[in-house]
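A structural walkthrough
Chain residues, written in single-letter form:
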Amino acid sequence: MATISTLAYLVAAVLFILALRGLSHPTTSRQGNQFGMIGMAIAIVATLFRPGMAPGGIILILAGIAIGGSIGAVVAKRIQMTSLPQLVAAFHSLVGMAAVFVAAAAFYSPESFGIGTHGHIHGASLVEMSLGLAIGAITFSGSVIAFAKLDGRMSGAPIIFPQQHKLNAALGVLLLVLIIAFVMNGNPVLFWLIALLSFALGFLLIIPIGGADMPVVVSMLNSYSGWAAAGIGFTIGNLLLIVTGALVGASGAILSYIMCKGMNRSIINVLLGGFGTDTSAAGAGGATADHGPVKAGSPEDAAFIMKNAAKIIIVPGYGMAVAQAQQVLREMGDLLKKEGATVEYAIHPVAGRMPGHMNVLLAEANVPYEDVKELEEINPEFAEADVAFVIGANDVTNPAAKTDKSSAIYGMPILDVEKAKTVFFIKRGMASGYAGVDNELFFRPNTMMLFGDAKKVTQEVVQALQK
Amino acid sequence: MNPTDLANQAQALADRAGALAAQARLMAETQIVPAVQHGAAAADPFLFLLTIFLLACFVGYYVVWNVTPALHSPLMGVTNAISSVIVVGAILAAGTADNWGARIFGFLAVTFASVNIFGGFLVTRRMLAMFQTKKKA
């Protein structure tokens, strides 16, 4: 039986790899997701048939799957795509907490996992157990904070206090000392102290990170949840948990890296936090005075110019999602296509609140996959474009990132919208973006500002186009 | 050669064989067995798992770089769901633990992980269903 379950785990691991492999293209992705589901089903069934399962235990397990599964299914069905980042953060917290519970179960019933007897757990297993426990607990409390920030239940502003990083470092060292002590004597008090301290650490690590950096945090916690699973896999000697944990850990790490690169920040810089405070307000105010006047236009002007344009590139940002303007934006795109124009959408790597968020939002509004382009792909095309239509984006279009070394966003890759013949900028007012940096693009002669709510302005453009 | 000589020689051979067998057994106990145990130590369970872990990290690295950036959100959904494979440990705890404390921890972990498994896969399916590759007329 043990051999059969090990083989089943191997099959499940391969199916998980295929699930990720399928995501290389939308056409193969749905099948990939199915492979993932089958793999998970195989893993669960194989475990249920392992020897030593008490009948009462199986009832308990099926009850847990039924309760958890129904909650998960309902949430997945009801969630709005704009709220996807907070959902993912909430899910990460559950993986973290599950890791804590499994570590606790292994600690109180080591015989079930063959890692020793009660009170006499093998030293190596205690090391692995404490690592799985600590990473799981950090993932839990960190994800809870990320969830609260993304869901608007707490302010997205960084929470900073004196000696913060020193405190975190000291707690980190203390955690290490506790783990060493725990491995030496296997004391239950130390087990729970490690859990408590890790919860505190996860909380303290995420509160200084601002709302704009949440894409990185969500990716990083994705990675942590994988490492937590791998840690538990080592503890209980399970191959499938280790393989899957490594896959997820690697995936989250790569996404964090891509997000950091999209902002030209190092992961350390993001983790130390504090970014997104309005420290440059005074400087930005001074800079505004140096620029020329801002040219404001009406939706009718925009409609007229776009009607006569051959190539239009739409640059959506998170503001578009907040205004729920994606449907009407797609309508506008369709109307312009009917007029004979090429319409494409340019997505910055950090647009939205999690990796790929903007792509999902556009897909939800039925924007064809082929029309949506990534930064490297679309940037050379702006020079040939008649119109760049910026809606709800700001910092990712700011040329200061290329020219102004004193700017907070200097070095960040941007979408070269300024190269288009005409740039339309939908904005509520003249406020600066998340980074607190003024955008000189507003003052360029080829820029026309369309002031107002993103959805309302786009609706007016659509009405003007229909005339 | 008469039968007595033959019998004597056979006896001598048998004795030598017996001595060799005894020696082999001694060797087996003193040298070969430790050698086998040494072999087992090289394939120490931890090192074995560590090998698998590192290889899986590489597989993950190459597979994930191949994921198209447009599908990074579904990627997070799927990884979220599959990281809940921790449910395997939870099931073992809930089903085989010898005390109620550990069983309850197992049950809670099964419940939490199940939210994630169903939620993660289903939300990913919803996302992927939106990605249309054929242009509408």
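Rules and cut-offs
Residues numbered from 1 in each chain as written. Chains lettered and ligands numbered in written order. Predicted model: local features only at pLDDT ≥ 70, side-chain atom pairs only at ≥ 80, totals over all residues. Heavy atoms only, no water. UniProt positions renumbered as here; feature names shortened; annotations may be inferred. Helix = DSSP H or I, 4+ residues; strand = E, 2+ residues; numbered from the N terminus. Buried < 20%, exposed > 50% of the residue type's maximum accessible area, 1.4 Å probe, protein only. Contact = heavy atoms within 4.5 Å. Areas by Shrake-Rupley, 256 points an atom, 1.4 Å probe, with all protein chains shown as cover. Lys, Arg positive; Asp, Glu negative; His and termini not counted. Charge placed at Lys NZ, Arg CZ, Asp CG, Glu CD. Buried area = accessible area lost by both parts, 1.4 Å probe. Salt bridge = Lys/Arg side-chain N within 4 Å of Asp/Glu carboxyl O. Polar contact = N/O pair within 3.5 Å; in protein donor to acceptor, adjacent residues only side chain to side chain. Pairing = 2+ DSSP bridges. Right-handed = clockwise from strand over helix to strand, strands pointing away. Core = buried A, V, L, I, M, F, W, Y, C linked by side-chain atoms within 4.5 Å. Axes fitted to C-alpha atoms, helices over the stretch in contact; angles between N-to-C directions. Parallel < 35°, antiparallel > 145°, perpendicular 65-115°, else oblique. Left-handed = near helix turned anticlockwise from the far one by under 90°. Nonpolar A, V, L, I, M, F, W, Y, C, P; charged D, E, K, R; others polar.

As named in an unreviewed UniProt entry, chain B is proton-translocating NAD(P)(+) transhydrogenase, taken from Dankookia rubra. As its UniProt record puts it under Subcellular location (unreviewed entry), chain B is described as follows: "Cell inner membrane". UniProt lists a comment for chain B under the heading Function (unreviewed entry), and it reads "The transhydrogenation between NADH and NADP is coupled to respiration and ATP hydrolysis and functions as a proton pump across the membrane."

Where an unreviewed UniProt entry is consulted, chain A appears under the name NAD(P) transhydrogenase subunit beta, with the organism given as Dankookia rubra. UniProt, in the comment section headed Subcellular location (unreviewed entry), describes chain A in these words: "Cell inner membrane".

Regarding the overall build of chain A
The secondary structure content of chain A amounts to 18 helices and eight strands. Taking the principal axes of its C-alpha atoms as reference, chain A extends roughly 75 × 50 × 30 Å. Expressed as a percentage of the 467 residues in chain A, the buried residues total 58%. Pairs at least 24 residues apart make up 76% of the contacts formed inside chain A by residues separated by at least 6 positions. When the accessible surface of chain A is split by element, carbon and sulfur atoms take 65% of a total near 17,800 Å². Here chain A contributes 28 positively and 29 negatively charged side chains, and the mean placements of these two sets differ by 4 Å.

Some words on the interface of chain B and chain A
Counting residues at the interface gives 80 residues for chain B, matched by 105 residues for chain A. When chain B packs against chain A, the two sides together hide about 8,200 Å² of surface, and 79% of this comes from carbon and sulfur. Summed over the shared surface of chain B and chain A, the result is zero salt bridges. At the boundary of chain B and chain A, one finds 16 residue pairs in polar contact (both at pLDDT 80 or more).

A short note on the pairing of strand β4 (residues 342-347) of chain A
All names here are of chain A. Taken across its six residues, β4 has five buried, putting it largely inside the fold. Two strands pair when backbone bridges link them, and β4 and strand β5 (residues 372-374) are joined in this way by three bridges, in the parallel orientation. By the bridge assignment for β5, Tyr345 is matched with Val372. Once the chain exits β4 it traverses helix α15 (residues 357-364) before rejoining the sheet at β5, and the crossover so formed is right-handed.

Thoughts on the pattern of salt bridges
Pairing of side chains with opposite charge becomes possible as their charged atoms draw close. Residues and elements named next belong to chain A. Per the stated rule, a full pass over the model turns up 14 salt bridges over all chains. Residues Lys419 and Asp416 are paired through a salt bridge, measuring 3.6 Å at the closest nitrogen-oxygen approach. Take Asp416: its relative accessible area is 9%, and that puts it in the buried class. What you see here is one network of salt bridges that share partners, running through Lys311, Glu344, Lys373 and Glu381.

Considerations on the nonpolar core
Residue and element names in this part refer to chain A. Core analysis: the biggest nonpolar cluster contains 197 residues, and Met129, Met306, Met332 and Phe389 have the highest contact counts within it. Top contributing element to this core by residue count: helix α4 (residues 84-108), with 17 residues. Leaving out residues up to four positions away in the same chain, Phe389 has contacts with Met306, Ile313, Ile314, Val315, Leu329, Met332, Phe424, Ile426 and Leu450.

Side note on the packing of helix α2 (residues 26-48) of chain A against helix α4 (residues 87-96) of chain B
As a packed pair, α2(A) and α4(B) sit with axes 10 Å apart at the nearest point and diverge in direction by 20°. In terms of axis orientation, α2(A) runs roughly parallel to α4(B). Crossing geometry of α2(A) relative to α4(B) is assigned as right-handed. Of the residues in α4(B), those touching α2(A) at A:Met40, A:Ala43, A:Ile44, A:Thr47 and A:Leu48 are B:Val87, B:Val88, B:Ile91 and B:Leu92. Broken down by class, the residue content of the contact of α2(A) with α4(B) amounts to eight nonpolar, one polar and no charged.

Describing the pairing of strand β7 (residues 422-427) of chain A
Residues and elements named next belong to chain A. Counting buried positions along β7 yields six of six residues, so the element is predominantly enclosed. Neither face of β7 is exposed, since Thr422, Phe424 and Ile426 on one face and Val423, Phe425 and Lys427 on the opposite face are all buried. Taken together, the five bridges between strand β6 (residues 387-391) and β7 define a ladder with parallel strand orientation. Bridging across to β7, Val387 finds its partner in Thr422. Note: β7 against strand β8 (residues 447-451), five bridges, orientation parallel. Its bridge partner being in β8, Ile426 is matched across the sheet by Leu450.

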